[in-house]
Amino acid sequence: MSAELALIGPILAAMLAAATPLLFAALGELVVEKSGVLNLGVEGMMLVGAVCGFAVAVQTGSSTAGFVAGAAAGAGMAALFGVLTLFLLANQVATGLALTLFGVGLSALIGQGFVGIPIADVPELYIPGLTDLPVIGKALFGQDALVYLALAAVPAVHWFLYATRKGLILRAVGENHAAAHALGYKVIRIRFLAVLFGGAMSGMGGAFLSLDYTPMWAEGISSGRGWIALALVVFATWKPGRVLLGAWLFGGVTIAQLHVQGLGIDIPSQLLSMLPYLATVIVLVVISRDVARIRLNAPASLGKVFHPDA
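The model shown is predicted, which means the values in this text are computed figures rather than measured ones.

(A) Highlighting the overall build of the protein chain. A count of helical and extended segments in the protein chain gives 14 helices and 0 strands. Counting helices and strands in the order they occur from the N terminus, the protein chain gives α-α-α-α-α-α-α-α-α-α-α-α-α-α. Looking at the 310 residues of the protein chain, the share that counts as buried comes to 48%. Excluding contacts between residues fewer than 6 apart, the proportion of contacts in the protein chain whose partners are at least 24 apart in sequence is 76%. Working note: accessible area of the protein chain is about 14,200 Å², and carbon and sulfur atoms make up 69% of it.

(B) Spatial organisation of the layout of surface pockets. Quantified by volume, the largest pocket comes out at close to 270 Å³. Together, 13 residues line the largest pocket, and F160, K166, I169, I190 and L193 are the ones closest to its centre. At the level of elements, α7 (165–175) and α9 (187–213) are the ones that each hand at least two residues to the lining of the largest pocket. Residue composition of the lining of the largest pocket, by class: 8 nonpolar, 1 polar and 4 charged.

(C) Structural detail: the packing of helix α6 (residues 145–163) against α9. The contact between α6 and α9 brings their axes to 11 Å, and the two run at 155°. In terms of axis orientation, α6 runs roughly antiparallel to α9. Here α6 and α9 pass one another in a crossing that is left-handed. Residues L146, V147, L149, A153 and V157 of α6 pack against F197, M201, M204 and F208 of α9. In terms of residue class, the contact of α6 with α9 is built from 9 nonpolar, no polar and no charged.

(D) A nonpolar patch on the surface, seen in detail. Together, L80, V83, L84, F87, L88 and F102 make up an exposed nonpolar region whose accessible area comes to about 540 Å². Considering every element that reaches the nonpolar patch, the biggest residue donor is helix α3 (residues 63–87), with 4 residues. Examined against the element boundaries, L88 turns out to sit in the loop between α3 and α4 (92–110). The exposure class assigned to L88 is exposed, which follows from its relative accessible area of 59%.

(E) Main features of α4. For α4, which comprises 19 residues, the first-to-last C-alpha distance of 26 Å matches the rise-based estimate of 27 Å (1.5 Å per residue) to within 8%. Looking at the packing, one finds that the buried side of α4 touches α2 (42–60), α3 and α10 (225–235). At the N-terminal end of α4, a side-chain oxygen is found 3.0 Å from the backbone nitrogen of V93, two or three residues along, and the residue is N91.

(F) Molecular detail of the side chain of H177. As for its placement among the helices and strands, H177 is situated in helix α8 (residues 177–182). A residue is classified by how much of its surface remains accessible, and H177, at 11% relative accessible area, is buried. Apart from the residues within four sequence positions on either side, H177 is in contact with A172, V187, R191, S301, K304, V305 and F306.

Reading the values: the criteria
- Numbers given to residues run from 1 along each chain, matching the order in which its sequence is written.
- Local features are withheld for residues below a pLDDT of 70 in this predicted model, meaning they are given only at 70 or higher, and side-chain atom pairs are given and counted only at 80 or more; totals for whole chains, interfaces and linings count all residues.
- Only hydrogens and water are removed before side-chain values are computed, so all heavy atoms of the structure are retained for them.
- Numbering of helices and strands runs from the N terminus, with a helix taken as a DSSP run of H or I at least four residues long and a strand as a DSSP run of E at least two residues long.
- To sort residues, take the accessible area from a 1.4 Å probe on protein chains only and compare it with the maximum for the residue type: under 20% means buried, over 50% means exposed, and anything in between is partly exposed.
- In this description, contact between two residues means that some pair of their heavy atoms is separated by no more than 4.5 Å.
- In this description, accessible areas are obtained by the Shrake-Rupley approach with a 1.4 Å probe, and a residue is regarded as covered only by the protein chains that are shown.
- A 1.4 Å probe that fits into a set of points on a 1 Å grid over the protein atoms alone but cannot get out defines a cavity; an open set with protein on both sides within 12 Å along at least five of seven lines defines a pocket, and lining residues are those with an atom within 4 Å of a point.
- Grid points are joined across faces, edges and corners, and a volume is the space filled by probe spheres set on the points.
- Under the convention adopted here, Pro, Cys and the residues Ala, Val, Leu, Ile, Met, Phe, Trp and Tyr are nonpolar, Asp, Glu, Lys and Arg are charged, and Gly plus all remaining residues are polar.
- Every axis in this analysis is a line fitted to C-alpha atoms, fitted for helices over the stretch in contact. Angles between the N-to-C directions lie between 0 and 180 degrees.
- Roughly parallel covers angles under 35 degrees, roughly antiparallel covers those over 145, roughly perpendicular covers 65 to 115, and oblique covers all other angles.
- Two helices that cross are described as forming a left-handed crossing if the nearer one is turned anticlockwise from the farther one by less than a right angle, and a right-handed crossing if clockwise.
- Every patch collects residues that have over 30% relative accessible area and no salt bridge, joining them within 9 Å if they carry like charges and within 5 Å if they are nonpolar side chains (Val, Leu, Ile, Met, Phe, Trp, Tyr).
- Here, a salt bridge means any Lys or Arg side-chain nitrogen found within 4 Å of an Asp or Glu carboxyl oxygen.
- The span one expects for a helix is its residue count, reduced by one, times 1.5 Å.
- Any pair of N or O atoms that falls within 3.5 Å is considered a polar contact. Within protein, one atom must be able to donate a hydrogen and the other to accept it, and sequence-neighbouring residues count only if both atoms are side-chain atoms.

Geometric values such as these leave the question of function open.
This is the structure in structure tokens:
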């Protein structure tokens, strides 16, 4: 096997790992937005999920407990957002931005005592005969459980939204909350549950970063991935399958800039580090040109306040 071909497997494996936190967060936000709620606090929820997951894993010695704690922390942050926006009718955009700022500060405070603490790597899957396959073995059959869970979440979310009655109700609430309320559906409860799910998924994405992808705790470990996840939802036009493609795209860009630095190519490291975010801006600019498609796919009640007495 040539040296170039031998590099393909590790690059594919690294791309899947880099895409996993984006996939968790973007799928969660997609369900939230399908219910008609716009939560811009994904970055803050990821950070709190990352630090809480890491702290619990260090204290208990269990990465599983860490992932559960990360999901719970993300859901807790989302619950705060839900109470403020759904029950107290606060502005969703302002509250989401405030949630991100709160998450940045809270994660830095909690994580002060955990900087530099080592943690055991999460066990990776090993299937004799498959994991050792050339090129694709490590990428497809040598990842850890969270990578496969994120991949499995794509068809699961699609099935829930488009093949179940509850998914139909959630989409109906996102399209016309007044009509859904008139039919007797509990709009606020449905949206609150969707917000909790989105927070748990963001927390899982953050926990993956600190327990698996790095693994370590560092302030600001999400590095803007929450904002990329928000962009992915628009990029995917609110379709779960397209979220997967977008996560792979941005994961590939992230890995590409790391490999370019490793090859010693004379390009400023600051320019390479900005490539994932530059790609995000370019994609959003290109997509925003097709206003008709965005309006056709975006939930009609997205970001609109619902008051049951109105």
